[in-house]
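Take a look at the letters that make up each chain.
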Amino acid sequence: MTLGGLGGRQPHLILIKAIQLMHPSGSVPKVHINKYRFPKNRCMMPWVIAVATAFLMVLGGCRQDEGPLGLNLLPAVDGVNVFLSDTFPISMQTLREGKLESQQPPRLAAGEMQDEETGNARVGFVAQLRLNAENIDLGDTLTGDSLVMILNLSGFYGDSSSLMRIRIWEITEPQSADSIYYQWQAPKTNPQPLGEALYTFSGNAIAEVSEPQPNGSDSVFRYGNQIRIPLREELMNRILSVSDSPALANNNNFLNFFKGVYVTAERVDDASRGCVLYFLGSSLRTGFNLYYRTAGKRTRFDITMNSQSARRNAFFSDPRGSRAAIALNPDSLQLPYALVQAGGYLKTLIKFPGIQSLGGGRTVVVNKAQLVFPVAEGSYTYPFTAPERLFIVVADSTGGNSTSLMPDLLEPYYGGEWRDSSYSFIINRYMQSLLQGTTPDRGLVLLPGNAIHSLNRAVLNTQNSAVRKPRLILHYTLLPR
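Residues numbered from 1 in each chain as written. Predicted model: local features only at pLDDT ≥ 70, side-chain atom pairs only at ≥ 80, totals over all residues. Heavy atoms only, no water.

Turning next to the overall build of the protein. Of regular secondary structure, the protein possesses five helices and 25 strands. For the protein, the proportion of its 481 residues judged to be buried stands at 56%. Across the protein, every contact between residues at least 6 apart in sequence was considered, and the portion connecting residues at least 24 apart equals 83%. Total accessible area on the protein is roughly 20600 Å²; 50% of this is exposed by carbon and sulfur atoms. (Helix = DSSP H or I, 4+ residues; strand = E, 2+ residues; numbered from the N terminus. Buried < 20%, exposed > 50% of the residue type's maximum accessible area, 1.4 Å probe, protein only. Contact = heavy atoms within 4.5 Å. Areas by Shrake-Rupley, 256 points an atom, 1.4 Å probe, with all protein chains shown as cover.)

See the structure below:
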């Protein structure tokens, strides 16, 4: 299992972008209690995994025992009374995401989706193309043959049968791999595309290409997972005209000459649901192949996207006519559903009204706290399947996404994976600190794990749903006064 897209930097950066959230009012929970005896000498969970590499291994591996947290806080007696309740009120409100950094993602995306749940959403990517050497001289007596944009596919999301129009645009403003870009920042481009092609996704498509060889002959090569888009002769001739000039002397000069590309993909048929195409975030197979002749000999010059290239995804959304438009209304707390969508679009604020009254003034020791979010039946089938993973962050003082990590995030029991048509989290440490009063009761924010390189979404049942309601399943102990 992969992380599903936490961004091109440290994984937690995707989880800490702030916007202002609303605080729904709450009431004291009505708790129904089952009482049982907890056995003596039960084993503890493995302790915190403190380094990021171990964190990645934990998230990608198998789930571990979800043993209780609070036994070390209990009195040293031969057995203690432990209570169980799963009837706590849970408030869920759909919100728009605020600023989310989208630079250097793990994969690039281009596409458009039309979905009755979330409306219209689009994504395109911006990328620099760079020289693979310095002081390039293409030769004498140059004659252009063709210029092709190569896009190296890595997958799709949505309706793969949708016919998409892929366009390549030349950007007119410089990009920097060290700069911060937000998900809604579109680049400036020339008004006419450099080239376009119609495309329907196929995982088995093979392109046969006649490639020039060093001995002067051509050989046919078969390329898989490629989209090849012919570009305008004007750009081909422009590149040939700067052979053996300062423009091809180094990458700084070349990026002043040609600042990069913006790749978009739109539905050809407005009745189709559309899809998002995924491309490798860094690949020497992505970029320009310029075929030309020098001194009668056919050859190829490559300008590619490499690990030094600035690259980012840019997202746009329009919820009009969808259930998201209703959910974004301030009165949405009464709805039976809430929404989460990648692309820096939708997230859900979670609160537990009245939870701090639990115990009636007695100290509460949390043994285990499990939070389960069922996904609405029928909302996660093809073509709009649910994300592989969701994440939870703590809301900050303004109601936005906190810059502090969720206290349970580095624990092997944390969860968040798509499983049995729901998402389940173990939040022992958070709930203990909330009930102890060391964490302010500002709520939690539920986010997609692949926020900056996808448009996938989840429709979650709320407590207003007729079936499969969200649950906070709390095992806890009340200490003597």
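Picking up where we left off.
What the rule picks out here adds up to 20 salt bridges. Glu112 is the partner of Arg267 in a salt bridge, and the nearest nitrogen-oxygen pair spans 3.5 Å. In this pair, Arg267 is assigned in strand β12 (residues 261-267) and Glu112 in strand β4 (residues 107-115), connecting sequence segments 155 residues apart. Residue Glu112 is classed as buried on the basis of its relative accessible area, which comes to 9%. Here the salt bridges do not stand alone but share partners, grouping Arg165, Arg167, Glu196 and Glu266 into one network. (Salt bridge = Lys/Arg side-chain N within 4 Å of Asp/Glu carboxyl O.)

The next thing to look at is the packing of aromatic side chains. Counted according to the given criterion, the structure contains 14 aromatic pairs. Ring centres 5.7 Å apart and planes at 55° place the aromatic pair Phe125 and Phe279 in the tilted group. One end of the pair, Phe125, is in strand β5 (residues 119-127); the other, Phe279, is in strand β13 (residues 274-280), with 154 residues separating them in the sequence. Each ring, one from Tyr157 and one from Phe384, has its centre 6.2 Å from the other, and the planes form 40°; the classification is tilted. Taken as a pair, Tyr157 in strand β6 (residues 142-158) and Phe384 in the loop between β19 (364-374) and β20 (390-394) lie far apart in primary sequence, 227 residues in all. Residues Tyr157 and Phe384 agree in their burial class; the two are buried. Pairwise contacts between aromatic rings join Phe254, Phe257, Phe258 and Phe288 into one cluster. Positioned over the ring face of Tyr278 is Arg107, at 3.6 Å from the centre of the ring. The side chain of Arg238 reaches across the aromatic face of Phe257, ending 6.0 Å from its centre. (Phe/Tyr/Trp six-rings, centres within 6.5 Å; stacked < 30°, edge-to-face > 60°. Lys NZ or Arg CZ within 6 Å of the ring centre and 35° of its normal.)

Most of helix α5 (residues 428-436) sits inside the fold, with eight of its nine residues counted as buried. Listed as buried for α5 are Asn428, Arg429, Tyr430, Met431, Gln432, Ser433, Leu434 and Leu435. Lining the buried residues of α5 we find β19, β20, β22 (422-426), β23 (444-448) and β25 (471-478). Of the residues flanking the end of α5, it is Gly437, one or two places downstream, whose phi is positive at about 85°.

Glancing now at the environment of Phe258. When you line up the elements, Phe258 lands in the loop between α3 (251-257) and β12. For the pair Phe258 and Pro174, spaced 84 residues apart in sequence, the C-alpha to C-alpha distance is 9.0 Å.

Moving on to the nonpolar core. Counting residues in hydrophobic clusters, the biggest one holds 41 residues, and the most contacted among them are Leu151, Ile166, Ile168 and Phe288. Beyond its immediate stretch of four places on either side in the chain, Ile168 contacts Met149, Leu151, Pro193, Leu194, Gly195, Ile229, Leu231, Val261, Tyr262 and Val263. Membership of the second largest hydrophobic core comes to 40 residues, among which are Tyr380, Ile427, Leu434 and Leu435. (Core = buried A, V, L, I, M, F, W, Y, C linked by side-chain atoms within 4.5 Å.)

Moving on: helix α2 (residues 233-240). Within α2, the full set of buried residues consists of Leu235, Met236, Ile239 and Leu240. Looking down the long axis of α2, one finds its buried residues gathered within 135° of arc, a one-sided arrangement. Looking at the buried positions of α2, the neighbouring elements they touch are β6, α3, β14 (283-294) and β15 (297-305). (Arc of directions from axis to C-beta.)

Let us look at the pairing of β12. Of all seven residues making up β12, six are buried, and the element is well covered by its neighbours. Both β5 and β12 contribute to a ladder of three bridges, which runs antiparallel. Across the sheet, Ala127 pairs through a bridge with Val261, a residue of β12. Note that strand β7 (residues 164-170) and β12 share seven bridges and pair antiparallel. For Ile168, the partnering residue across the bridge sits in β12 and is Val263. (Pairing = 2+ DSSP bridges.)

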